[in-house]
Amino acid sequence: MSLLAVQRTVTVFTARVVEVEGMLARIAVLLNPYDVRELALSLDAGELRVVVEGNGFDAGRVAARLAKVIGVLEVTVS
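Throughout, residues of each chain are indexed from 1 in the direction in which the sequence is written. Whole-chain, interface and lining totals are the exception, using all residues; otherwise, since this is a predicted model, local features are given only for residues with pLDDT of at least 70 and side-chain atom pairs are given and counted only at 80 or more. Hydrogens and waters are ignored; side-chain quantities use all the structure's heavy atoms.

1. Let's talk about the pattern of salt bridges
Thought 1: Whenever a carboxyl oxygen of Asp or Glu lies within 4 Å of a side-chain nitrogen of Lys or Arg, that contact is scored as a salt bridge. Throughout the structure, instances matching the rule amount to five salt bridges.
Thought 2: A salt bridge links R37 to D35; the nearest nitrogen and oxygen atoms lie 3.2 Å apart.
Thought 3: R37 is paired through a salt bridge with E53; the nearest N and O atoms lie 3.1 Å apart. Here the residue R37 occupies a position in strand β2 (residues 35–42), and E53 occupies one in strand β3 (residues 47–53), the gap between them amounting to 16 residues.
Thought 4: Ionic contacts of the salt-bridge type, sharing partners, join the residues R8, D35, R37 and E53 into one network. Only DSSP runs of H or I with at least four residues qualify as helices, and only runs of E with at least two residues qualify as strands; both kinds are numbered from the N terminus onward.

In structure tokens:
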């Protein structure tokens, strides 16, 4: 039996954060139409990591949505 690895496209968004209360709930609502695979917040580093799977969406639009959340700074896309 041969197993084939399926390569999926993912986009990683990282942002510095200054406020965390209620942030994950607001971000989940903003990213509702996207296939979010990971939403992690590091309080020690003050960093939010969002991994979205798939092709065909505007990464700039997602970054702009994240930037609208109070307390999110410097959104980068990789």
